Amino acid sequence: MKRTAKAFWQGDLKMGHGTISTQSQVLDQTQYSFNTRFADGTGTNPEELLAAAHAGCFTMAIAYALSQQQFYPGDLNTTAAVSLDMATSSISLIELELSATAIEGLSPEEFQEIALQAKNNCLISKALANVQIELTVNYQ
């Protein structure tokens, strides 16, 4: 399986602008610029897209892990926050916050362990092996 995306850019870094499009056309010439990445401009940026990919991948990974142990996942809501360290020009931290409805027969400790395994087995987490990834679980 292969998925594609395209980026177009015109101009220098600060005054230039571009668009990002995906194979599925969910993003279709979505604008991005210096201001959308480092200020409050309208549009997207690579870090926001990485956060969305990580939240989606992790949430699917935990749904899979639960179903493999014969538990039916209820509501799973994940927020991913990507922190960019400007001093080192690197992603310094990704914070995953999972909120989940309690599942009959599954203790909070067991759920926490499954969530941790899902974080470690998520394909995006694996691709970001050199980045610190923290997980917070709210299981009620």
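Reference entry: report on the structure contained in this document. (Residues numbered from 1 in each chain as written. Predicted model: local features only at pLDDT ≥ 70, side-chain atom pairs only at ≥ 80, totals over all residues. Heavy atoms only, no water.)

## As for the overall build of the chain
- Each helix and strand counted, the chain has four helices and six strands in total.
- When the helices and strands of the chain are read in sequence order from the N terminus, they spell out β-β-β-α-α-β-β-α-α-β.
- Reported as C-alpha extents along the three principal axes, the dimensions of the chain are approximately 55 × 35 × 25 Å.
- Per-residue burial for the chain yields a buried fraction of 35% across its 140 residues.
- Total accessible area on the chain stands at roughly 9100 Å², and carbon and sulfur atoms take up 51% of it.
- Treating the 7 positive side-chain charges of the chain as one cloud and the 14 negative ones as another, the clouds have centres 16 Å apart. (Helix = DSSP H or I, 4+ residues; strand = E, 2+ residues; numbered from the N terminus. Buried < 20%, exposed > 50% of the residue type's maximum accessible area, 1.4 Å probe, protein only. Areas by Shrake-Rupley, 256 points an atom, 1.4 Å probe, with all protein chains shown as cover. Lys, Arg positive; Asp, Glu negative; His and termini not counted. Charge placed at Lys NZ, Arg CZ, Asp CG, Glu CD.)

## Things to note about the sheet that holds strand E1 (residues 5-10)
- The strand order across the open sheet built from three strands is E1-E2-E3, with neighbouring strands paired in antiparallel fashion. Only two strands of the sheet have a single partner each, and these edge strands are E1 and strand E3 (30-33). Sheet twist, expressed as the average angle between the axes of neighbouring strands with direction ignored, equals 25°.
- Across four bridges, strand E2 (residues 17-22) lies against E3 in antiparallel orientation. Looking at the pairing, Gly 18 lines up with Tyr 32 of E3. (Pairing = 2+ DSSP bridges. Axes fitted to C-alpha atoms, helices over the stretch in contact; angles between N-to-C directions.)

## Overview of the environment of Gly 74
- In this structure, Gly 74 sits in the loop between helix H2 (46-68) and strand E4 (76-85).
- Taking the C-alpha atoms as reference points, Gly 74 and Ile 103, separated by 29 residues in sequence, lie 6.9 Å from one another.
- Ignoring anything within four residues of it in the chain, the contact list for Gly 74 reads Thr 101 and Ile 103. (Contact = heavy atoms within 4.5 Å.)

## Some details on the layout of surface pockets
- By volume, the largest pocket amounts to about 380 Å³.
- Forming the boundary of the largest pocket are Arg 3, Thr 4, Ala 5, Thr 22, Gln 23, Ser 24, Leu 27, Leu 49, Cys 57, Leu 123 and Ile 124.
- Mapped by element, the contributors of at least two residues to the lining of the largest pocket are H2 and helix H4 (123-127).
- Partitioning the lining of the largest pocket into residue classes produces six nonpolar, four polar and one charged.
- Every residue lining the second largest pocket is listed: Gly 56, Cys 57, Met 60, Ala 61, Tyr 64, Ala 65, Gln 69, Gln 117, Ala 118, Asn 121, Cys 122 and Leu 123.
- Counting residues per element, the ones that place at least two in the lining of the second largest pocket are H2 and helix H3 (108-121).
- Residue contributions to the lining of the second largest pocket peak at six residues, all from H2.
- Of the residues belonging to the lining of the second largest pocket, the class tally is eight nonpolar, four polar and no charged. (1 Å grid on protein atoms, 1.4 Å probe; cavity = no way out; pocket = protein on both sides within 12 Å on 5 of 7 lines; lining within 4 Å. Points joined across faces, edges and corners; volume = space filled by probe spheres on them. Nonpolar A, V, L, I, M, F, W, Y, C, P; charged D, E, K, R; others polar.)

## A few points about H3
- Here H3 is 14 residues long and its end C-alpha atoms lie 20 Å apart, about the 20 Å a rise of 1.5 Å per residue gives.
- Those residues of H3 that fall on the buried side of the exposure criterion are Phe 111, Ile 114, Ala 115, Ala 118 and Lys 119. The arc enclosing the buried residues of H3, seen along the axis, measures out at 140°, which places them on a common side.
- Next to the buried residues of H3 lie H2, E4, strand E5 (90-100), H4 and strand E6 (132-139). (Expected span 1.5 Å × (residues − 1). Arc of directions from axis to C-beta.)

## So, the nonpolar core
- One finds Phe 58, Ile 62, Leu 66, Leu 98, Leu 106 and Phe 111 to be the most contacted residues of the largest nonpolar core, which totals 30 residues.
- For this core, the secondary-structure elements that each account for two or more residues are H2, E4, E5, H3 and E6.
- When residues no more than four places from it in sequence are discounted, the contact partners of Leu 106 are Leu 66, Phe 71, Phe 111, Ile 114 and Tyr 139. (Core = buried A, V, L, I, M, F, W, Y, C linked by side-chain atoms within 4.5 Å.)

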